[in-house]
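Structural description and commentary
Residues per chain are reported as follows:
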Amino acid sequence: MHKLGDVILGGLFEVHYGSVFPELTFTSEPHPPICQGFDPPGFRHAMTMAFAIEEINKNSNLLPNVTLGYSLYDNCATLNVAFSAALSLASGQERQFLLDENCMGIPPVVGIVGDPFSTFSIATSEVLGLFKLPLVSYFATCTCLSNRRRFPSFFRTIPSDAFQVRAMIQILKHFGWTWAGLLVSDDDYGLHASRALQSELAESGLACLAYSEILPWGNHPEEYERIVKVMKGSTARVVIVFGHQMHLIQLVQQVLKQNVTGMQWIASEAWVSVEGLHTPEFLPVLGGTLGIAVRRGEIPGLKDFLMSVKPKQNSDFENSMVKEFWEYTFQCKFSPEDGDALCTGQEDLQNMETDFLDVSELRPENNIYKATYALAHALHDMLGCVPGKGPFSGHSCATLQTLELWQLMYYIEKVNFTTSFGDQVSFDENGDALPVYDIMNWLWLPDGGAQVQTVGEVKGSVSRGEELTLDEDRIFWNFESKQPPWSVCSESCPPGTRMVRKKGKPLCCFDCIVCSEGNVNNESNSVECISCPEDFWSSPQRDHCVPKKTEFLSYHEPLGICLTTASLLGTFICVVVLGIFTYHRSTPMVRANNSELSFLLLVSLKLCFLCSLLFIGRPRLWTCQLRHAAFGISFVLCVSCILVKTMVVVAVFKASKPGGGGNLKWFGVMQQRGTVLVLTSIQAAICTAWLFSASPTPHKNTEYHNDKIVYECAVGSTIGFAVLLGYIGLLAILSFLLAFLARNLPDNFNEAKLITFSMLIFCAVWVAFVPAYINSPGKYADAVEVFAILASSFGLLVALFGPKCYIILLRPERNTKKAIMTKKQVIKQQ
């Protein structure tokens, strides 16, 4: 179709489904291919460009004083035809044009709208790009066409497959579909889409492909049968298809044949709106399909323009294409043969049901309209250039007579306008349009038909990426549950677990492993667990950190209560015994047993009982420092008193022998006090040195239990603690040896025997304490030490003061000077 004008725009459209090449012989002349299968929507696409040019010519604000013409070609869905048509447009072979002697003049065609096929656009753009002839496609989506180095003059008003792929990934993400199959056509469109999709999925990690198959062109039932068997054997319930109508027809036929059900189809823009698939036979399979579609537009006046198409003389549309449309629509012939109806050209098109007049879903038409206007606006901007302020060398401007096509390309790259129905048109650095798609859904109607409804949109944004908007309430799901299917290789890993990829499987196939103790994960599908902070531990569900339980010998637990009660009981008994001795201080029993040392011994025992309380409760700095010092000094004071008492007993009995009276002068009251003071001062010095050199401090121990913090007192210096205990042990052993040697001294009441027995208990307790303390974890180490303190204290208290209190309280007749001084030989031999 041609229309003359000052400037000619070219167009490439698919008005026929295919073509047949006549057989050639060596003698025959070459003939052009015969196009077959008239496509009314394709013819509508061509007429949409014609309408846009008519509208531009009537617009006084756009290209005033310039009339646009057009030259439109049918590519017959055949690469040879499309390529030949593009070269014809570029070279002007179809019409005569005049150049001046300098080969200057308006080019035959300044820009081309088309081609709709990616493969055709690749072939033509690689050649026409050498001459910088602008091509503005309305339907070629291959990502490869964004390569400006390879296709410098290619533009498009439809988003590239890169955006379509990302839009599909947004749909997968929205519904949680992480396991899908991919079917692509065996051409540039399908293969580039497959590479782009796999690349985007690998980068995002949002989903994986269960399988990826190539749909062949032509009739290959065996290959389609194999592909459907792969689909049937997979656990993926979602199938993404980048293909064309002929691929879907063969594919769905095999799906029906093998009775494959429960599939959710995701359609590319190439077949989502194809009405030839909306058949009662296919809808049980394809009903509920979600797909990406070119943005729908509104073009006022287009339908009236289409209604005006008539094959009459002197018409702008007088050509074989219009006649063929008329014959196809009214089933008649302008040159009828036997039995054919005659076409008059006066038939009423308005009363005919034809896809040509269907303007309810203007999607490719919308892009054609914008592509035509983009070329017109570029020409308008070029012609509006002010001499001396132009963008070219020497601030020059381009003119129609001196136009070089690369100059028009400059203006196309700068195009930025808004259509009458509100769509913004501009191109990025790759020649791609602003990305926006409609999300379509196939609604299966009760009468067996289908309605393709818009249920959302996806827009591209430089700052926010792809923005998906869906009205889920409108989506028709072709399943009994009327809910979206669940398509995953492995179920989502809940919080508290981490994903471990299955060997030899895609990334989306994994096992869920519970986080190890001390590690948590509060997100689903996380690949790793994080360690809790030092004072925290993992919850039983491993989904958050909780403060570790604290453990120390508490006053509130049964063990602490028992030990506290025993300590206070021992202290109370000491007070009672002290009161008894104070009350009976004038009696021979009290006076004969060195009453001053006895009182001091009772006080020290009381301190021993009380110091055990420092080991109970949460350790603090002052309790840690005081507990061992108080324990060491109290016990040294106690053992010193016992040692001095033992020495006094031995000295007294030695003084009773002839010549032994001089021994007593070394054991007077002052000497006894001094000895106790010196021995205790040595322990005090040891404790002071220990506290100043390596003081015990509170310590949070996590070695015993990972989930607990054991509060304990670190001794600071093990040597200091060992010296403290060793000094107590040394005094205790000396006391035990002296008392043991004096156990058989004759007397009615020989205190050396009581001291021997008490020190035997004391030493046994502390000898047993060492291994028990070392092997007791946490608070039980403190409990062992408290138990040792209490046991040894009770042992000393009962052994030393039990018999005396017994005599004082229950056998007062033996509490006389005569009874105590009377010697009594007890011979145990015989």
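Residues numbered from 1 in each chain as written. Predicted model: local features only at pLDDT ≥ 70, side-chain atom pairs only at ≥ 80, totals over all residues. Heavy atoms only, no water.

Taken as a whole and assessed by the stated rule, the structure comprises 22 salt bridges. With a closest N to O distance of 2.6 Å, Arg-44 and Glu-365 form a salt bridge. Here the residue Arg-44 occupies a position in helix H1 (residues 40-58), and Glu-365 occupies one in helix H11 (residues 364-383), the gap between them amounting to 321 residues. Exposure remark for Glu-365: the relative accessible area of 0% places this residue in the buried category. Measuring nitrogen to oxygen at the nearest pair gives 2.7 Å for the salt bridge that ties Arg-363 to Glu-361. With a relative accessible area of 33%, Glu-361 lands in the partly exposed category. Through salt bridges that share partners, Arg-295, Arg-296, Glu-298, Glu-361, Arg-363, Asp-438, Glu-457 and Lys-459 make up one connected network. (Salt bridge = Lys/Arg side-chain N within 4 Å of Asp/Glu carboxyl O. Helix = DSSP H or I, 4+ residues; strand = E, 2+ residues; numbered from the N terminus. Buried < 20%, exposed > 50% of the residue type's maximum accessible area, 1.4 Å probe, protein only.)

Tracing the backbone shows Thr-119 in helix H3 (residues 118-128). Residue Thr-119 is classed as partly exposed on the basis of its relative accessible area of 23%. Residues Thr-119 and Leu-145, spaced 26 residues apart in sequence, show a C-alpha to C-alpha distance of 9.7 Å. Leaving out residues up to four positions away in the same chain, Thr-119 has contacts with Leu-79, Asp-187, Asp-188 and Tyr-189. (Contact = heavy atoms within 4.5 Å.)

Further remarks concern the sheet that holds strand E25 (residues 549-551). Spatially, E25-E27-E26 is the arrangement adopted by the three strands of the open sheet, whose pairing is mixed. If you trace the sheet from one side to the other, it starts and ends with E25 and strand E26 (697-701), each paired once. Across the sheet, the axes of successive neighbouring strands diverge by a mean angle of 30°, strand direction being ignored. Direction of pairing for E25 relative to strand E27 (residues 708-714): parallel, over a ladder of three bridges. Bridging across to E27, Lys-549 finds its partner in Lys-708. (Pairing = 2+ DSSP bridges. Axes fitted to C-alpha atoms, helices over the stretch in contact; angles between N-to-C directions.)

Let's shift gears to the packing of aromatic side chains. Inspection of every chain in the model, using the stated rule, returns 35 aromatic pairs. The interplanar angle of 45° and the centroid separation of 5.4 Å between the aromatic rings of Phe-38 and Tyr-328 together place this pair among those described as tilted. Here Tyr-328 lies in helix H10 (residues 320-330) and Phe-38 lies in strand E4 (residues 34-38), a separation of 290 residues in the sequence. An angle of 35° between the planes, with centres 5.0 Å apart, marks the rings of Phe-43 and Phe-325 as tilted. With Phe-43 in helix H1 and Phe-325 in helix H10, the pair connects residues that are 282 residues apart, well separated along the chain. Here Phe-43 matches Phe-325 in class, with each residue buried. Among the aromatic side chains, those forming a connected cluster through ring pairs are Phe-38, Phe-43, Phe-325, Trp-326, Tyr-328, Phe-330 and Phe-356. (Phe/Tyr/Trp six-rings, centres within 6.5 Å; stacked < 30°, edge-to-face > 60°.)

Glancing now at the side chain of Gln-258. As for its placement among the helices and strands, Gln-258 is situated in the loop between helix H7 (245-257) and strand E12 (264-267). Once you skip the residues sitting within four places of it in the chain, Gln-258 turns out to touch Glu-225, Val-228, Lys-229 and Lys-232.

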